[in-house]
Amino acid sequence: MLQDQYSSDTTPRTTGEARAILSLAIPLAVAHIAMVGMEVIDTIVAGQYSAQDLAGLAMGGSIWLILVLFMVGVLGAVLPRMARFYGADDGANVTGEVQQGMILAVVLGLIMTLLSWMIPGWLPGLGAGRRKPVLPRATSELLVWGSRQSGYSLW
């Protein structure tokens, strides 16, 4: 029985599954490499101007990253629920999950946008310096604007 389980008949199926996974993984890997590359270029360009510009870029980018990771993590819980209902051929619950996911995405997008505008004003109170945090605010505002264009924030 063990010989049947590990026979060569399973190899084509495994190869096909590996190809399917790679066809999904390669675009994701390229997208992540491109994002890291853009961050490296931003850091190099900001570092050419001044240490204050580099610090503002780092702080604004960190604010944005925390908010986006939180939003993606919460929204990531919707997909397994939809998949479960889809696998059970329960179309009504799939529709409900999609609607709830969209409402959740809009609410989180609004919260993310508001926090992106408010958090840089709190930075002096958190020990980031006495000066008004213009650069982190500008960076987070630009990232929010870019997020809206790319679909992260729906506001």
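Residues numbered from 1 in each chain as written. Predicted model: local features only at pLDDT ≥ 70, side-chain atom pairs only at ≥ 80, totals over all residues. Heavy atoms only, no water.

### Structural notes on the overall build of the chain
For clarity, the threshold we go by: Only runs of H or I of at least four residues qualify as helices and only runs of E of at least two qualify as strands under DSSP, and these elements are numbered from the N terminus. Categorising residues by exposure relies on relative accessible area from a 1.4 Å probe, with only protein chains included: less than 20% of the type maximum marks a residue as buried, more than 50% marks it as exposed, and the intermediate range marks it as partly exposed. Contacts: residue pairs with any heavy atoms within 4.5 Å of one another. Surface exposure here means Shrake-Rupley accessible area, sampled with a 1.4 Å probe, where a residue is shielded only by the protein chains that are shown.
Within the chain, the secondary structure is distributed over six helices and zero strands. Seen in sequence order, the chain has helices and strands lined up from the N terminus as α-α-α-α-α-α. Every one of the 155 residues in the chain was classed for burial, and the buried ones make up 19%. Within the chain, contacts between residues separated by at least 24 positions form 66% of all contacts whose residues are at least 6 apart in sequence. In the form shown here, the chain has an accessible surface area of approximately 11300 Å², with 69% of it arising from carbon and sulfur atoms.

### So, the environment of Ala 83
Note that Ala 83 resides in helix H4 (residues 78-87). The class for Ala 83 is partly exposed, based on a relative accessible area of 46%. Measuring from C-alpha to C-alpha, the distance between Ala 83 and Val 94 comes to 8.0 Å, with 11 residues separating the pair along the chain.

### Some thoughts on the side chain of Thr 113
To keep things clear, this is the line we draw: We call two N or O atoms a polar contact when they sit within 3.5 Å, provided that within protein one can donate a hydrogen and the other can accept it, with sequence-adjacent residues counted only if both atoms are side-chain atoms.
With respect to the element layout, Thr 113 can be found in helix H5 (residues 91-122). Looking at Thr 113, the relative accessible area reads 4%, which means it is buried. Of the polar contacts made by the side chain of Thr 113, one reaches the backbone oxygen of Gly 109; its length is 2.8 Å.

### A short note on the nonpolar core
The following threshold applies: Working definition of a nonpolar core: buried Ala, Val, Leu, Ile, Met, Phe, Trp, Tyr and Cys residues. They are joined through side-chain atoms within 4.5 Å.
Core analysis: the largest hydrophobic core is formed by eight residues, namely Ile 63, Trp 64, Leu 67, Val 68, Met 71, Leu 108, Met 112 and Ile 119. Listing elements by their share of this core, those giving two or more residues are helix H3 (51-75) and H5. When residues in this core are grouped by element, the largest group, five residues, is from H3.

### Description of the pattern of salt bridges
Condition: When a carboxyl oxygen of Asp or Glu lies within 4 Å of a side-chain nitrogen of Lys or Arg, that pair is called a salt bridge.
Enumeration according to the criterion identifies one salt bridge in this entry. Note that Glu 97 and Arg 81 form a salt bridge whose closest N and O atoms lie 2.8 Å from each other. Separated by 16 residues along the polypeptide, Glu 97 in helix H5 and Arg 81 in helix H4 bring together distant segments of the chain. Glu 97 gets classed as buried once you look at its relative accessible area, which sits at 7%.

### Let's talk about unusual backbone geometry
Here Asp 89, not a glycine, exhibits a phi torsion of approximately 60 degrees, which is positive. For Asp 89, a relative accessible area of 71% translates into the label exposed.

### Topic: the packing of H3 against H5
For clarity, the threshold we go by: With axes taken as lines fitted to C-alpha atoms, and helix axes fitted only over the stretch in contact, angles between N-to-C directions fall between 0 and 180 degrees. Roughly parallel here means an angle under 35 degrees, roughly antiparallel means over 145, roughly perpendicular means 65 to 115, and every remaining angle is called oblique. A crossing counts as left-handed when the near helix is turned anticlockwise from the far one by less than a right angle, and as right-handed when that turn is clockwise.
Viewed as axis vectors pointing N to C, H3 and H5 meet at an angle of 165 degrees, and their least axial separation amounts to 10 Å. With respect to H5, the axis of H3 lies roughly antiparallel. By crossing handedness, the relation of H3 to H5 is classed as right-handed. Here Ile 63, Trp 64, Leu 67, Val 68, Phe 70, Met 71, Val 74 and Leu 75 of H3 come into contact with H5, specifically with Gly 101, Leu 104, Ala 105, Leu 108, Gly 109, Met 112, Leu 115, Ser 116, Ile 119 and Pro 120.

### Re the confidence of the model for the chain
For clarity, the threshold we go by: Scored from 0 to 100, pLDDT reflects the predictor's confidence in each residue.
When pLDDT is averaged along the chain, the result is 76, and 71% of the positions lie at 70 or above. Taken as a whole, residues 148-155 scores under 50 in pLDDT and shows 19 contacts with residues more than four places along the chain or in a different chain.

### A closer look at the side chain of Glu 97
At 2.8 Å, the side chain of Glu 97 forms a polar contact with the side chain of Arg 81. Here Glu 97 is in contact with Val 78, Arg 81, Met 82 and Phe 85, once residues within four sequence places are set aside.

### Things to note about H5
Which entries qualify depends on this criterion: Here, expected helix span is obtained from the residue count minus one, scaled by 1.5 Å. Throughout, the bend at a residue refers to the angle made by two axes, fitted to the seven residues ending there and to the seven starting there.
The end-to-end C-alpha separation of H5 is 46 Å, in line with the 46 Å expected for 32 residues at 1.5 Å each. Roughly 30 degrees is the biggest bend found in H5, and it falls at Ser 116, with proline Pro 120 one to four residues downstream. Those residues of H5 that fall on the buried side of the exposure criterion are Val 94, Glu 97, Gly 101, Ala 105, Leu 108, Gly 109, Met 112, Thr 113, Ser 116, Ile 119 and Pro 120.

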